[in-house]
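These are the residues of each chain, in order.
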Amino acid sequence: QVQLVESGGGLVQAGDSLRLFCTASGRTFSRYAMGWFRQAPGKERELVASINWNGGLTYYGDSVKGRFTISRDNFKNTMYLQMNSLKPEGTAVYYCAAGDTPSGGIYTQRGDFDYWGQGTQVTVSS
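Undergrad: Any chance you could explain the overall build of the protein chain here in plain terms?
TA: Along its length, the protein chain carries 0 helices and 11 strands. Of the regular secondary structure in the protein chain, the N- to C-terminal order runs β-β-β-β-β-β-β-β-β-β-β. By the compact-globule yardstick of 14 Å for 126 residues, the protein chain fits well, its C-alpha radius of gyration being 14 Å. Oriented by its inertia axes, the alpha-carbon framework of the protein chain measures out at about 40 × 25 × 25 Å. Expressed as a percentage of its 126 residues, the buried residues of the protein chain come to 44%. Taking the intrachain contacts of the protein chain between residues at least 6 apart in sequence as the baseline, contacts between residues at least 24 apart amount to 60%. Put simply, the protein chain shows about 6600 Å² of open surface, and 46% of that area lies on carbon and sulfur atoms. If you average the places of the 12 positive and of the 10 negative side-chain charges in the protein chain, the two averages end up 4 Å apart.

Below, the structure written as structure tokens:
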């Protein structure tokens, strides 16, 4: 079991940078593949990036590749999302998610993640 809490969201201007944090409580954080999702008003929740248990494998959605970086520190039970060159279309609620992966691989589908945080709002003005 794992409990997830996101933080770091806020109001920024287009082109600015922001770093999101996902802090996990539990005994086995390092066993979980992790991911960042986002959901804008009226749109479906979409995968932004995901990472396997030790950070050796990462995945990025096409819309953020080259601008965002996902990372994790298992000693601190924390996952990060560094967001650079933010665009107005990046405005959304960003969610942290975790999924148990016996294989040690990464997940890319919403249904594969078992645990979710409450979300943190990111607003990018033009």
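After that view of the structure, there is still more to cover.
Undergrad: Whenever I open this one, the environment of Ile70 confuses me. Can you help?
TA: With respect to the secondary-structure elements, Ile70 resides in strand β7 (residues 68–73). Overall, the relative accessible area of 4% leaves Ile70 in the buried class. The spacing of Ile70 and Tyr59 is 11 residues in sequence and 8.5 Å in space, taken between C-alpha atoms. When neighbours within four sequence positions are excluded, Ile70 is seen to be in contact with Trp36, Ala49, Ser50, Ile51, Thr58, Tyr60, Met79, Tyr80 and Leu81.

Undergrad: Mind showing me how you'd approach the pattern of salt bridges here?
TA: Opposite charge on two side chains makes pairing possible when the charged atoms of those side chains draw close. With the rule as written, the count across this model stands at 1 salt bridge. The shortest N-O distance in the salt bridge between Glu46 and Arg38 comes to 2.8 Å. A relative accessible area of 32% places Glu46 in the partly exposed class.

Undergrad: Help me out: how do you make sense of unusual backbone geometry in this one?
TA: Most peptide bonds are trans, and most residues other than glycine sit at a negative phi. The backbone of Asn77 sits at a positive phi, close to 55°, despite the residue not being glycine. Topologically, Asn77 is positioned in the loop between β7 and β8 (78–83). Backbone geometry at Ser85 places phi at a positive 50°, although glycine is not the residue there. Tracing the backbone through its elements, the reader meets Ser85 in the loop between β8 and β9 (92–100).

Undergrad: Looking at this structure, how should I read the sheet that holds strand β3 (residues 18–25)?
TA: Strand pairing within a sheet occurs via backbone hydrogen bonds; the two strands may be parallel or antiparallel. Ordered by their spatial adjacency, 4 strands build an open sheet running β1-β3-β8-β7, and the pairing between neighbours is antiparallel. Single-partner strands in this sheet number two, and they are β1 (3–7) and β7. Each strand axis lies, on average, 15° off the axis of its neighbour in the sheet, ignoring direction. As paired strands, β1 and β3 are joined by 5 bridges and run antiparallel to one another. Note that in β3 the partner of Glu6 across the bridge is Cys22.

Quick notes on the rules
Residues numbered from 1 in each chain as written. Predicted model: local features only at pLDDT ≥ 70, side-chain atom pairs only at ≥ 80, totals over all residues. Heavy atoms only, no water. Helix = DSSP H or I, 4+ residues; strand = E, 2+ residues; numbered from the N terminus. Rg over C-alpha atoms; globule rule 2.2 N^0.38 Å. Buried < 20%, exposed > 50% of the residue type's maximum accessible area, 1.4 Å probe, protein only. Contact = heavy atoms within 4.5 Å. Areas by Shrake-Rupley, 256 points an atom, 1.4 Å probe, with all protein chains shown as cover. Lys, Arg positive; Asp, Glu negative; His and termini not counted. Charge placed at Lys NZ, Arg CZ, Asp CG, Glu CD. Salt bridge = Lys/Arg side-chain N within 4 Å of Asp/Glu carboxyl O. Pairing = 2+ DSSP bridges. Axes fitted to C-alpha atoms, helices over the stretch in contact; angles between N-to-C directions.

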